[in-house]
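The chain contents come next:
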Amino acid sequence: MSVVTAERPATIRDGIRAGLPFGAAAVLLGLSFGVVARPVMGPEAAIVMSAFVFAGAAQFGSTAVLAAGGGAAAAIIAGILLNARFLAMGVAYAPSLFGGPLRRALEGQAVVDASWALANRGGGRFDRNLLLGATLAQYPAWQLGTVLGVLFGNAIGDPRDLGLNAIFPAFFLALLVDEARTPRARAVALGGAAIALALVPVAPAGLPIIAACLAAVVGAWWRT
Amino acid sequence: MAHVSAAWITIGALAVATAVIKAAGPVALGGRPLPPRVTAVVVLLAPAILAALVVTETFASGRSLAIDERAAGLIAAAAAIWLRASLPVVVIVAAAAAAGARAIA
(Lines give C-alpha, C1' and ligand atoms only; values in the text may rest on other atoms or scores of the structure.)
Protein backbone atom coordinates (compact mmCIF):
# COMPACT_ATOMS: atom_id res chain seq x y z
CA MET A 1 0.00 0.00 0.00
CA SER A 2 2.75 2.44 -0.97
CA VAL A 3 0.49 5.38 -1.59
CA VAL A 4 3.17 7.97 -1.08
CA THR A 5 6.46 7.89 -2.92
CA ALA A 6 9.75 8.58 -1.21
CA GLU A 7 10.29 11.91 -2.99
CA ARG A 8 8.44 14.03 -0.44
CA PRO A 9 7.47 13.32 3.13
CA ALA A 10 3.88 12.26 3.67
CA THR A 11 1.46 14.82 5.08
CA ILE A 12 -1.52 14.14 7.32
CA ARG A 13 -3.65 14.89 4.25
CA ASP A 14 -1.87 12.03 2.43
CA GLY A 15 -2.73 9.84 5.39
CA ILE A 16 -6.40 10.81 5.25
CA ARG A 17 -6.48 10.07 1.52
CA ALA A 18 -4.76 6.72 2.01
CA GLY A 19 -7.16 5.95 4.86
CA LEU A 20 -10.36 6.57 2.87
CA PRO A 21 -10.76 2.96 1.65
CA PHE A 22 -10.35 1.81 5.25
CA GLY A 23 -12.91 4.42 6.24
CA ALA A 24 -15.39 2.96 3.75
CA ALA A 25 -14.82 -0.48 5.26
CA ALA A 26 -15.08 1.00 8.75
CA VAL A 27 -18.60 2.28 7.99
CA LEU A 28 -19.71 -1.28 7.25
CA LEU A 29 -17.87 -2.67 10.26
CA GLY A 30 -19.34 0.01 12.52
CA LEU A 31 -22.77 -0.69 11.08
CA SER A 32 -22.49 -4.35 11.98
CA PHE A 33 -21.33 -3.37 15.48
CA GLY A 34 -24.31 -1.06 15.93
CA VAL A 35 -26.69 -3.82 14.83
CA VAL A 36 -25.13 -6.39 17.16
CA ALA A 37 -24.64 -4.11 20.17
CA ARG A 38 -27.97 -2.26 20.34
CA PRO A 39 -30.08 -5.16 21.63
CA VAL A 40 -27.35 -6.06 24.14
CA MET A 41 -26.52 -2.68 25.66
CA GLY A 42 -28.97 -0.17 24.22
CA PRO A 43 -28.46 2.51 21.56
CA GLU A 44 -26.67 5.11 23.70
CA ALA A 45 -24.12 2.67 25.10
CA ALA A 46 -23.34 1.26 21.64
CA ILE A 47 -22.63 4.74 20.29
CA VAL A 48 -20.62 5.81 23.35
CA MET A 49 -18.55 2.63 23.16
CA SER A 50 -17.58 3.29 19.55
CA ALA A 51 -16.67 6.88 20.43
CA PHE A 52 -14.49 6.09 23.46
CA VAL A 53 -13.16 2.57 22.91
CA PHE A 54 -12.77 2.77 19.10
CA ALA A 55 -11.43 -0.77 18.68
CA GLY A 56 -13.53 -3.12 16.60
CA ALA A 57 -12.31 -6.52 17.77
CA ALA A 58 -12.51 -5.54 21.46
CA GLN A 59 -15.96 -4.00 21.03
CA PHE A 60 -17.34 -7.10 19.26
CA GLY A 61 -15.61 -9.45 21.68
CA SER A 62 -16.76 -7.79 24.90
CA THR A 63 -20.29 -7.33 23.50
CA ALA A 64 -20.42 -11.04 22.69
CA VAL A 65 -19.49 -11.83 26.31
CA LEU A 66 -22.24 -9.52 27.61
CA ALA A 67 -24.76 -11.00 25.17
CA ALA A 68 -23.90 -14.49 26.40
CA GLY A 69 -24.73 -13.40 29.94
CA GLY A 70 -21.14 -12.97 31.11
CA GLY A 71 -20.61 -10.20 33.60
CA ALA A 72 -18.75 -6.92 33.22
CA ALA A 73 -15.49 -8.44 34.53
CA ALA A 74 -15.46 -11.15 31.85
CA ALA A 75 -16.36 -8.63 29.16
CA ILE A 76 -13.60 -6.26 30.28
CA ILE A 77 -10.99 -9.05 30.32
CA ALA A 78 -12.04 -10.15 26.82
CA GLY A 79 -11.77 -6.57 25.56
CA ILE A 80 -8.35 -6.04 27.15
CA LEU A 81 -7.01 -9.31 25.72
CA LEU A 82 -8.31 -8.39 22.28
CA ASN A 83 -6.65 -4.99 22.56
CA ALA A 84 -3.37 -6.23 24.02
CA ARG A 85 -1.91 -6.40 20.49
CA PHE A 86 -1.85 -2.59 20.59
CA LEU A 87 0.86 -2.91 23.24
CA ALA A 88 3.11 -4.66 20.71
CA MET A 89 2.08 -2.21 17.98
CA GLY A 90 2.84 0.73 20.31
CA VAL A 91 6.31 -0.63 21.07
CA ALA A 92 6.91 -0.91 17.34
CA TYR A 93 5.60 2.60 16.68
CA ALA A 94 7.32 4.30 19.64
CA PRO A 95 10.71 5.04 18.01
CA SER A 96 8.91 6.98 15.26
CA LEU A 97 7.36 9.39 17.78
CA PHE A 98 9.01 12.49 19.21
CA GLY A 99 8.10 15.13 21.78
CA GLY A 100 7.26 14.76 25.46
CA PRO A 101 5.61 11.75 27.09
CA LEU A 102 2.14 13.34 27.09
CA ARG A 103 2.29 14.11 23.40
CA ARG A 104 3.58 10.61 22.64
CA ALA A 105 0.79 9.12 24.77
CA LEU A 106 -1.81 11.11 22.83
CA GLU A 107 -0.35 10.24 19.44
CA GLY A 108 -0.24 6.59 20.48
CA GLN A 109 -4.05 6.68 20.70
CA ALA A 110 -4.17 6.90 16.90
CA VAL A 111 -2.86 3.35 16.54
CA VAL A 112 -5.49 1.09 14.97
CA ASP A 113 -4.77 -2.00 12.88
CA ALA A 114 -5.26 -0.54 9.42
CA SER A 115 -3.39 2.72 10.09
CA TRP A 116 -0.52 0.93 11.76
CA ALA A 117 -0.15 -1.45 8.83
CA LEU A 118 -0.46 1.38 6.32
CA ALA A 119 2.18 3.53 8.07
CA ASN A 120 4.62 0.61 8.36
CA ARG A 121 7.65 1.64 6.29
CA GLY A 122 9.59 -1.54 6.94
CA GLY A 123 12.76 -1.89 8.98
CA GLY A 124 10.86 -0.89 12.12
CA ARG A 125 10.08 2.62 10.86
CA PHE A 126 6.59 4.12 10.80
CA ASP A 127 5.29 7.24 9.07
CA ARG A 128 3.62 9.31 11.78
CA ASN A 129 1.60 11.53 9.42
CA LEU A 130 0.27 8.57 7.44
CA LEU A 131 -0.79 6.87 10.66
CA LEU A 132 -2.52 9.95 12.08
CA GLY A 133 -4.25 10.79 8.80
CA ALA A 134 -5.45 7.23 8.17
CA THR A 135 -7.00 7.12 11.63
CA LEU A 136 -8.61 10.54 11.11
CA ALA A 137 -10.31 9.00 8.06
CA GLN A 138 -11.51 5.94 9.96
CA TYR A 139 -12.69 7.42 13.26
CA PRO A 140 -15.72 9.36 11.93
CA ALA A 141 -16.51 6.46 9.60
CA TRP A 142 -16.63 4.05 12.56
CA GLN A 143 -18.96 6.44 14.43
CA LEU A 144 -21.20 6.95 11.40
CA GLY A 145 -21.46 3.21 10.85
CA THR A 146 -22.31 2.57 14.50
CA VAL A 147 -25.07 5.20 14.48
CA LEU A 148 -26.50 3.76 11.23
CA GLY A 149 -26.43 0.26 12.70
CA VAL A 150 -28.17 1.42 15.87
CA LEU A 151 -30.81 3.35 13.90
CA PHE A 152 -31.55 0.72 11.28
CA GLY A 153 -30.73 -2.41 13.25
CA ASN A 154 -34.37 -3.49 13.39
CA ALA A 155 -34.72 -3.24 9.62
CA ILE A 156 -31.44 -5.11 9.11
CA GLY A 157 -32.36 -7.96 11.45
CA ASP A 158 -29.65 -10.61 11.90
CA PRO A 159 -26.39 -9.09 10.59
CA ARG A 160 -25.24 -12.58 9.59
CA ASP A 161 -28.02 -12.71 6.98
CA LEU A 162 -26.27 -9.83 5.22
CA GLY A 163 -22.84 -11.42 5.63
CA LEU A 164 -21.71 -8.59 7.88
CA ASN A 165 -19.83 -11.07 10.08
CA ALA A 166 -17.51 -11.78 7.11
CA ILE A 167 -16.38 -8.17 6.81
CA PHE A 168 -13.85 -8.29 9.63
CA PRO A 169 -11.93 -11.32 8.35
CA ALA A 170 -11.89 -9.86 4.84
CA PHE A 171 -10.61 -6.55 6.18
CA PHE A 172 -7.78 -8.23 8.07
CA LEU A 173 -6.93 -10.46 5.11
CA ALA A 174 -6.51 -7.41 2.87
CA LEU A 175 -4.15 -5.88 5.44
CA LEU A 176 -2.26 -9.16 5.80
CA VAL A 177 -1.68 -9.66 2.07
CA ASP A 178 -0.08 -6.25 1.98
CA GLU A 179 2.23 -7.04 4.90
CA ALA A 180 3.24 -10.57 3.91
CA ARG A 181 5.52 -9.60 1.06
CA THR A 182 8.65 -11.60 1.93
CA PRO A 183 8.98 -15.38 2.32
CA ARG A 184 9.91 -14.83 5.96
CA ALA A 185 6.82 -12.68 6.59
CA ARG A 186 4.62 -15.30 4.89
CA ALA A 187 6.11 -18.05 7.04
CA VAL A 188 5.50 -15.95 10.15
CA ALA A 189 1.90 -15.36 9.04
CA LEU A 190 1.32 -19.10 8.64
CA GLY A 191 2.93 -19.74 12.02
CA GLY A 192 0.85 -17.04 13.70
CA ALA A 193 -2.34 -18.41 12.17
CA ALA A 194 -1.48 -21.95 13.32
CA ILE A 195 -0.73 -20.80 16.89
CA ALA A 196 -3.96 -18.81 17.05
CA LEU A 197 -6.11 -21.64 15.71
CA ALA A 198 -4.53 -24.14 18.09
CA LEU A 199 -5.27 -21.91 21.09
CA VAL A 200 -8.88 -20.93 20.28
CA PRO A 201 -10.38 -24.03 21.98
CA VAL A 202 -8.27 -23.67 25.13
CA ALA A 203 -7.72 -19.93 25.69
CA PRO A 204 -10.03 -16.94 26.15
CA ALA A 205 -10.64 -14.77 23.08
CA GLY A 206 -7.74 -12.43 22.43
CA LEU A 207 -5.03 -14.60 23.97
CA PRO A 208 -4.55 -16.60 20.74
CA ILE A 209 -3.76 -13.32 18.96
CA ILE A 210 -1.16 -12.33 21.55
CA ALA A 211 0.39 -15.80 21.46
CA ALA A 212 0.70 -15.51 17.67
CA CYS A 213 3.38 -12.86 18.30
CA LEU A 214 5.63 -15.82 19.21
CA ALA A 215 5.74 -16.58 15.49
CA ALA A 216 7.33 -13.15 14.96
CA VAL A 217 9.95 -13.89 17.64
CA VAL A 218 10.83 -17.25 16.10
CA GLY A 219 10.78 -15.75 12.61
CA ALA A 220 13.18 -13.00 13.63
CA TRP A 221 15.72 -15.42 15.03
CA TRP A 222 15.40 -17.98 12.27
CA ARG A 223 18.49 -17.99 10.05
CA THR A 224 17.86 -18.52 6.38
CA MET B 1 -31.23 -5.19 27.54
CA ALA B 2 -30.61 -7.03 30.78
CA HIS B 3 -26.98 -6.02 30.79
CA VAL B 4 -27.22 -2.25 30.67
CA SER B 5 -25.24 -1.39 33.78
CA ALA B 6 -22.68 -4.12 33.07
CA ALA B 7 -22.33 -2.59 29.62
CA TRP B 8 -21.59 0.88 30.99
CA ILE B 9 -19.01 -0.52 33.41
CA THR B 10 -17.43 -2.42 30.52
CA ILE B 11 -17.34 0.67 28.32
CA GLY B 12 -15.73 2.83 31.00
CA ALA B 13 -13.11 0.25 31.90
CA LEU B 14 -12.27 -0.57 28.29
CA ALA B 15 -11.98 3.09 27.33
CA VAL B 16 -9.39 3.61 30.08
CA ALA B 17 -7.59 0.30 29.52
CA THR B 18 -7.35 0.81 25.77
CA ALA B 19 -5.92 4.30 26.22
CA VAL B 20 -3.32 2.98 28.69
CA ILE B 21 -2.39 0.06 26.41
CA LYS B 22 -1.95 2.37 23.44
CA ALA B 23 0.05 4.93 25.45
CA ALA B 24 2.41 2.44 27.14
CA GLY B 25 4.83 1.83 24.27
CA PRO B 26 5.08 5.44 23.07
CA VAL B 27 5.54 6.80 26.63
CA ALA B 28 8.17 4.23 27.64
CA LEU B 29 10.12 4.05 24.40
CA GLY B 30 9.35 7.19 22.41
CA GLY B 31 11.90 8.71 20.06
CA ARG B 32 14.63 6.16 20.76
CA PRO B 33 15.50 3.37 18.36
CA LEU B 34 14.79 -0.15 19.58
CA PRO B 35 17.64 -2.65 19.93
CA PRO B 36 18.21 -4.41 16.58
CA ARG B 37 17.05 -7.76 17.95
CA VAL B 38 13.77 -6.18 19.05
CA THR B 39 13.36 -4.39 15.72
CA ALA B 40 13.76 -7.73 13.93
CA VAL B 41 10.75 -9.02 15.88
CA VAL B 42 8.76 -5.81 15.46
CA VAL B 43 8.90 -5.92 11.66
CA LEU B 44 7.33 -9.39 11.77
CA LEU B 45 4.58 -8.51 14.24
CA ALA B 46 2.20 -7.30 11.54
CA PRO B 47 1.99 -10.58 9.59
CA ALA B 48 1.77 -12.60 12.82
CA ILE B 49 -0.99 -10.50 14.41
CA LEU B 50 -2.99 -9.96 11.21
CA ALA B 51 -2.90 -13.66 10.30
CA ALA B 52 -4.09 -14.53 13.81
CA LEU B 53 -6.93 -11.99 13.47
CA VAL B 54 -7.94 -13.43 10.08
CA VAL B 55 -8.22 -17.00 11.35
CA THR B 56 -9.83 -16.18 14.70
CA GLU B 57 -12.40 -13.83 13.13
CA THR B 58 -13.18 -16.49 10.51
CA PHE B 59 -13.09 -19.78 12.39
CA ALA B 60 -13.55 -19.02 16.09
CA SER B 61 -17.05 -19.46 17.41
CA GLY B 62 -16.66 -18.78 21.09
CA ARG B 63 -14.22 -21.40 22.38
CA SER B 64 -14.71 -23.75 19.45
CA LEU B 65 -13.70 -23.75 15.80
CA ALA B 66 -16.38 -23.67 13.13
CA ILE B 67 -16.50 -23.53 9.36
CA ASP B 68 -19.52 -21.41 8.51
CA GLU B 69 -20.51 -18.64 6.10
CA ARG B 70 -17.55 -16.53 7.19
CA ALA B 71 -15.22 -19.04 5.49
CA ALA B 72 -17.09 -18.52 2.22
CA GLY B 73 -16.68 -14.79 2.74
CA LEU B 74 -12.95 -15.18 3.31
CA ILE B 75 -12.48 -17.25 0.14
CA ALA B 76 -14.38 -14.62 -1.85
CA ALA B 77 -12.27 -11.88 -0.24
CA ALA B 78 -9.09 -13.73 -1.20
CA ALA B 79 -10.28 -13.94 -4.79
CA ALA B 80 -11.17 -10.23 -4.84
CA ILE B 81 -7.77 -9.30 -3.40
CA TRP B 82 -6.05 -11.51 -5.99
CA LEU B 83 -7.97 -9.62 -8.69
CA ARG B 84 -6.64 -6.38 -7.14
CA ALA B 85 -10.05 -5.10 -6.05
CA SER B 86 -10.10 -2.07 -3.75
CA LEU B 87 -10.72 -2.62 -0.05
CA PRO B 88 -14.41 -1.53 -0.03
CA VAL B 89 -15.04 -3.93 -2.93
CA VAL B 90 -13.19 -6.72 -1.10
CA VAL B 91 -15.34 -6.41 2.02
CA ILE B 92 -18.59 -6.09 0.06
CA VAL B 93 -17.73 -9.18 -2.01
CA ALA B 94 -16.96 -11.04 1.23
CA ALA B 95 -20.26 -9.98 2.78
CA ALA B 96 -22.21 -10.98 -0.35
CA ALA B 97 -20.55 -14.39 -0.48
CA ALA B 98 -21.19 -15.01 3.21
CA ALA B 99 -24.82 -13.91 2.91
CA GLY B 100 -25.22 -16.21 -0.09
CA ALA B 101 -23.64 -19.15 1.69
CA ARG B 102 -25.90 -18.58 4.70
CA ALA B 103 -28.99 -18.40 2.51
CA ILE B 104 -28.10 -21.74 0.87
CA ALA B 105 -27.07 -23.52 4.07
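Since the model is a prediction, treat every value here as computed from it, not as a measurement. Here, residues in each chain are numbered from 1, in the same order as that chain's written sequence. Note on labels: chains are lettered from A, ligands numbered from 1, in written order. Note on the predicted model: pLDDT of at least 70 is required for a residue's local features to be given, and 80 or more for side-chain atom pairs to be given and counted; whole-chain, interface and lining totals, by contrast, use all residues.

**Student:** What's the story with the overall build of chain A in this structure? I'm lost.
**Tutor:** Looking only at helices and strands, chain A has twelve helices and two strands in total. Helix and strand definitions follow DSSP, with helices as H or I runs of at least four residues and strands as E runs of at least two, each counted in order from the N terminus. Along chain A, helices and strands appear, N-terminal first, in the series α-α-α-α-α-α-α-β-β-α-α-α-α-α. On C-alpha atoms alone, chain A measures out to a radius of gyration of 18 Å, which is about the 17 Å that the 2.2 N^0.38 rule sets for 224 residues. Principal-axis analysis of the C-alpha atoms places the extent of chain A at approximately 50 × 40 × 35 Å. What counts as a contact here is a pair of residues whose C-beta atoms, placed from the backbone, lie within 7 Å. Contacts in chain A between residues far apart in sequence, at least 24 positions, make up 68% of those at least 6 positions apart. Both definitions apply: the radius of gyration is a C-alpha atom measure, and the globule rule equals 2.2 Å times residues to the power 0.38.

**Student:** Looking at this structure, how should I read the confidence of the model for chain B?
**Tutor:** When pLDDT drops low, the exact placement of atoms in the prediction is not to be read closely. Residue and element names in this part refer to chain B. In the predicted model, chain B carries a mean pLDDT of 92, and 96% of its residues have values of at least 70. Per-element averaging of pLDDT across chain B places helix H2 (residues 36-42) at the bottom with 86 and helix H4 (residues 69-82) at the top with 97. The ipTM assigned to the predicted complex is 0.91, against a pTM of 0.87. Every residue carries a pLDDT, the predictor's confidence in it, which falls somewhere between 0 and 100.

**Student:** What's the story with the domain arrangement of chain A in this structure? I'm lost.
**Tutor:** All names here are of chain A. For every domain, the bounds stem from an assignment made automatically or drawn from a database. What the domain assignment lists for chain A is domain 1 (12-179) and domain 2 (180-224). Domain 1 and domain 2 are separated by 21 Å when their C-alpha centres are compared. Between domain 1 and domain 2, the residue contacts involve eleven residues of the former and eleven residues of the latter. Elements that contribute at least two residues to the side of domain 1 that touches domain 2 include exactly helix H4 (72-83), helix H5 (85-93) and helix H9 (167-179). The biggest single contributor to the side of domain 1 that touches domain 2 is H4, with four residues. For the side of domain 1 that touches domain 2, the per-class residue count stands at eight nonpolar, one polar and two charged. In this count, Pro and Cys sit with the nonpolar residues alongside Ala, Val, Leu, Ile, Met, Phe, Trp and Tyr, while Asp, Glu, Lys and Arg are called charged and the others, Gly among them, polar.

**Student:** How should I be thinking about H9 of chain A in this particular structure?
**Tutor:** All names here are of chain A. To estimate the expected span of a helix, subtract one from its residue number and multiply by 1.5 Å. The terminal C-alpha atoms of H9 lie 19 Å apart, and with 13 residues this matches the ideal 18 Å at 1.5 Å per residue to within 8%. Burial is judged by counting the other C-beta atoms within 10 Å of a residue's own C-beta: 20 or more makes it buried, 12 or fewer makes it exposed, and any count in between marks it as partly exposed, with every C-beta position built from the backbone. Judged by how many residues are buried, H9 sits mostly within the fold: twelve of 13 residues are covered. Within the span of H9, buried status applies to Ile-167, Phe-168, Pro-169, Ala-170, Phe-171, Phe-172, Leu-173, Ala-174, Leu-175, Leu-176, Val-177 and Glu-179.

**Student:** Just to check I follow, could you spell out the packing of H9 of chain A against H4 of chain B for this structure?
**Tutor:** Axis angle and axis distance: for two packed helices, these are the angle between their axes and the distance between the axes, and together they describe the pair. Contact geometry of H9 of chain A with H4 of chain B gives a least axis separation of 9 Å together with a crossing angle of 35°. Every pair of crossing elements has a handedness; the one defined by H9 of chain A and H4 of chain B is right-handed. Facing Pro-169, Ala-170, Leu-173, Ala-174 and Val-177 of chain A of H9 of chain A, the residues of H4 of chain B in contact are Arg-70, Gly-73, Leu-74, Ala-77, Ala-78 and Ile-81 of chain B. Split by residue class, the contact of H9 of chain A with H4 of chain B holds nine nonpolar, one polar and one charged. Only the stretch in contact is used when a helix axis is fitted, and all axes are lines through C-alpha atoms; the angle between N-to-C directions ranges over 0 to 180 degrees. For a crossing to be left-handed, the near helix must be turned anticlockwise from the far one by less than a right angle; the clockwise case is right-handed.

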